[in-house]
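Here is how the chains run, residue by residue.
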Amino acid sequence: MAAFVGVRDVTSAGAGGASAAAVAASGGASAEAFSSGEGSGLPYSPAKMKAASRGRAYYSLLLLARVRKLSKVRILLTAGVVLAILLLARQVDPLMGWNYRPPLSSASSSRDGYTVLINTWKRDSLLKKTVAHYASCPKVDAIHVVWSELDPPSESLKTHLRNILESKYSNKPYFQFNLNEEDDLNNRFKPIEGLKTDAIFSVDDDVIVRCSMLEFAFTVWQTASDTMVGFVPRMHWSSKEENGGIHYKYGGWWSVWWTGTYSMILSKTAFFHQKYLDMYTHQMPSAIRDYVRRERNCEDIAMSLLVANATQAPPIWVKGRIYEIGSFGISSLEGHIKRRTKCLNDFISLYESMPLVSTSAKAVDARQAWFW
């Protein structure tokens, strides 16, 4: 009876104080009892109950829709963050390429591996980094360092390199210093006894190419093993002289970029067949080697002409980033293009024709490119 009076007072008076008294008098009746009339003596109305149920169902569906919408937003935000992290990692990895440390794996077999031929000169600190990097690449079967200094490698250098090659990050390639009695750029292309691979990767001691990119270039070379495959293209073009002769000009990187063509691959980062070491030393005109020895330049042009003359085909440029970790080389010196142009014309005069073949083709690893 008290509960009934309390509710009646609330519904009839509507005052805040009366509402409080009614709740106190009801002995703690629930808010749901007041709203539905159950236990309060109010008349039961099925229509009102149905309407209330529909209202609750509507708000439940609205809440569910909002939850789903928020879930979709969270999924999209999460996907965006993951994509951003992957893109960032992709950019950071090349920058740290020469510090890359792959898990320990067995050395590749000589049938599908290659030999790294590093030309060095009084830069032990750079040599340590390049040997450490290329020793970690899975398909490297051997590393040969062309040493042309009068003094042999120091014991401390040999100990350091031995520790690198025996570390858990190395694939344990065969290693050897190729010692030479004189300082001669022709030394980098001397024949090497006991090589187990046909493929040679010629590289300077201050140049790093990521292992994954190196392996891709190696697969490209395997499809055309008689030609040169590499990462640094150069070009030539011709012009007629007043006497009717043809003059050739050497073009650097910006010429390649502007014209979209090239005819040479520099041996500072290039794959070629080991047979060209013997051809360079024993079959190429000796006047070219004498020129290289005297001018201390253009051995890479000489190798490009040699291969092109043997194949009558263009080289293959592999799109990829290289990292030059040393100081500026001779290419940054004044008059570099002029000296290279003279080399080119002098060498061609010995061949009695132009063996270089121009091309605009470029090998691209589609797995590493957004647009290809």
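Placed above this text is the structure.
Residues numbered from 1 in each chain as written. Predicted model: local features only at pLDDT ≥ 70, side-chain atom pairs only at ≥ 80, totals over all residues. Heavy atoms only, no water.

> Can you break down helix H11 (residues 299-311) residue by residue, with the values?
Taking 1.5 Å per residue, 13 residues should reach 18 Å; H11 reaches 19 Å between its end C-alpha atoms and fits that length. Among the 13 residues that make up H11, 10 are buried, leaving the element largely enclosed by the rest of the structure. Within H11 the residues assigned to the buried category are Glu299, Asp300, Ile301, Ala302, Met303, Ser304, Leu305, Leu306, Val307 and Ala308. For H11, the secondary structure elements touched by its buried residues are strand E8 (246-251), strand E9 (264-265), strand E10 (269-273), helix H9 (275-282), helix H10 (286-295) and helix H12 (336-351). Count one or two residues on from H11 and you reach Gln312, which has phi positive near 55°. (Helix = DSSP H or I, 4+ residues; strand = E, 2+ residues; numbered from the N terminus. Expected span 1.5 Å × (residues − 1). Buried < 20%, exposed > 50% of the residue type's maximum accessible area, 1.4 Å probe, protein only. Contact = heavy atoms within 4.5 Å.)

> Account for the packing of aromatic side chains, naming residues and giving values.
Summed over the entire model, instances satisfying the criterion amount to 15 aromatic pairs. Taken together, a centroid distance of 5.8 Å and an interplanar angle of 80° make the contact between Trp253 and Trp317 edge-to-face. Taken together, the positions of Trp253 in helix H8 (residues 253-259) and Trp317 in strand E11 (residues 316-318) put the pair 64 residues apart, joining distant regions of the chain. You can call Trp317 buried: its relative accessible area is 14%. Aromatic rings pair up to connect Tyr114, Tyr134, Phe201, Phe218, Trp221 and Phe271 into one cluster. Lying over the aromatic face of Trp121, Lys122 brings its terminal NZ or CZ to 5.1 Å of the ring centre. Seen from the ring of Trp317, Lys362 lies directly overhead, with NZ or CZ sitting 4.7 Å from the centre. (Phe/Tyr/Trp six-rings, centres within 6.5 Å; stacked < 30°, edge-to-face > 60°. Lys NZ or Arg CZ within 6 Å of the ring centre and 35° of its normal.)

> Tell me about a nonpolar patch on the surface, residues and numbers included.
A grouping of Trp253, Trp254, Trp257 and Trp258 is seen on the molecular surface, where their side chains present a nonpolar patch of about 620 Å² in accessible area. Checked against the element boundaries, Trp254 lands in helix H8. (Patch = residues over 30% accessible without salt bridge, like charges linked within 9 Å, V, L, I, M, F, W, Y side chains within 5 Å. Areas by Shrake-Rupley, 256 points an atom, 1.4 Å probe, with all protein chains shown as cover. Salt bridge = Lys/Arg side-chain N within 4 Å of Asp/Glu carboxyl O.)

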